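What follows is each chain in one-letter form.
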Amino acid sequence: MKQNIVKTRLKNNLPVLGVLANSSDPTIAELCGFSGLDFYMIDGEHSPVTTAQVQDIVRACEVSGITPLARVRSNDPKLILQYLDVGVMGIMLPGVGTVMELEALVQAVKYPPLGMRGFGFVRACDYLQGTMNQGEYVTFSNEQTLVLPMIESREAIDNLDDLLTVEGIDGFVIGPRDLAMSMGYYDGPGHDEVKRAIAGVVEKIRKAGLVVGTVATSGDQAKALIDRGVLFCLNTFAGLLKSAAGDFMKGRGNDE
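The structure contained in this document is the topic of the report that follows. (Residues numbered from 1 in each chain as written. Predicted model: local features only at pLDDT ≥ 70, side-chain atom pairs only at ≥ 80, totals over all residues. Heavy atoms only, no water.)

## Regarding the layout of surface pockets
Piece 1. In this model, the largest pocket occupies a volume close to 740 Å³.
Piece 2. In terms of lining residues, the largest pocket is bounded by 28 residues, among which Pro 176, Arg 177, Pro 189, Thr 214 and Val 215 are the most central.
Piece 3. Listing elements by their share of the lining of the largest pocket, those giving two or more residues are strand 6 (171-174), helix 9 (176-182), helix 10 (192-207), strand 7 (211-215), helix 11 (219-227) and strand 8 (232-236).
Piece 4. Ranked by residues supplied to the lining of the largest pocket, first place goes to helix 10 with four residues.
Piece 5. Counted by class, the lining of the largest pocket contains 14 nonpolar, eight polar and six charged residues.
Piece 6. Looking at the second largest pocket, it is lined by 24 residues, and the ones nearest its centre are Lys 2, Gln 3, Glu 62, Pro 68 and Met 89.
Piece 7. Contributions of two or more residues to the lining of the second largest pocket are made by helix 1 (5-11), helix 3 (51-64), strand 3 (67-71) and helix 6 (134-144).
Piece 8. Top element by residues in the lining of the second largest pocket is helix 1. It accounts for three residues.
Piece 9. Taken together, the residues of the lining of the second largest pocket break down into eleven nonpolar, six polar and seven charged. (1 Å grid on protein atoms, 1.4 Å probe; cavity = no way out; pocket = protein on both sides within 12 Å on 5 of 7 lines; lining within 4 Å. Points joined across faces, edges and corners; volume = space filled by probe spheres on them. Helix = DSSP H or I, 4+ residues; strand = E, 2+ residues; numbered from the N terminus. Nonpolar A, V, L, I, M, F, W, Y, C, P; charged D, E, K, R; others polar.)

Next comes the structure, spelled out in C-alpha cells:
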C-alpha cells in the first residue's frame, strides 16, 4: 500500500482538489493524474462501473500519481472490502444519516482493532510480497485509509452532533443537491435556507476538528471554499470538461 498523499495533506491542513468520475475507462483517471489533480474519485453510485473495473482504474491512478478514492453505492462491508483490496485509499459513502450507519462504515474500512475488515493476499498489501509484514501493513492501512461519509439529508443534519463523535472518520463531504431536495427544494441548492444549513454544517464540522468537503464547480469557487476552511473540493469530470470546452469554444466567436 502506498502513502495516501491526500490524507497527508489534509492532516497538515492543506487543501486537496479532485474529480468525481463515472467513467469505467482507466485512461480518464490517468489523464486526471497527469493533469495535476490531487485525487480521482471513482463513482460507484451513479455509474455502471463494476468492482472488476476498479482495479484497472486504480492502476492508472498509481501510474499517474493521483490518489484513488471511491464513492460506493451502499454501506455493504463486502463491497467496500473489494474496493479497498484493489488499492482504493478512501471511501466516500452517500446517504449516511445515523450513528449506526456511520459506525458500520468505519467497521468496514478499518482492520482490527479499529474495525472488522477482513484480511486477504491482495493488491492493497502487495500480496505480502513487499517490505511490510501483515501486522505492519494492517497498522499502516488503518492510518492511511480515508473515511468520508456524506451529508445529504435533513436527517444527517439533525443527527450531526452525534455523527461528529464517531471515532475513525476523517471528515464529511456535503452533497448540496441531494441536501436541497431533502429540504424540499427540488430545483437545486441555490436557496437561502439551504445555504444557511450548509454554512452551519461547515462550522460544526470544523469546530470538531474534522475535514469538510463539498462540490466546487470552478477554481474561483474552490478558492472561496478553501478560504472558509473547506479543504476537500471536488468537481465532476463532466463538469470540468464542460467548463474547459466552453472556454475553448470562445475562440470561435459568435456565428451570428
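Back to the text.
## Examining the packing of aromatic side chains
Piece 1. Within this structure, the stated rule accounts for five aromatic pairs.
Piece 2. Seen in terms of ring centroids, Phe 39 and Phe 232 are 4.4 Å apart; in terms of plane orientation they differ by 10°. Their pairing is stacked. Here Phe 39, found in strand 2 (residues 39-43), pairs with Phe 232, found in strand 8; they are 193 residues apart in sequence, far enough to count as distant. Here Phe 39 and Phe 232 have matching classes, each one buried.
Piece 3. Among the aromatic residues, ring-to-ring pairing joins Tyr 111, Phe 119, Phe 121 and Tyr 137 into one connected group. (Phe/Tyr/Trp six-rings, centres within 6.5 Å; stacked < 30°, edge-to-face > 60°. Buried < 20%, exposed > 50% of the residue type's maximum accessible area, 1.4 Å probe, protein only.)

In short, shape yes, function no, at least from these values alone.
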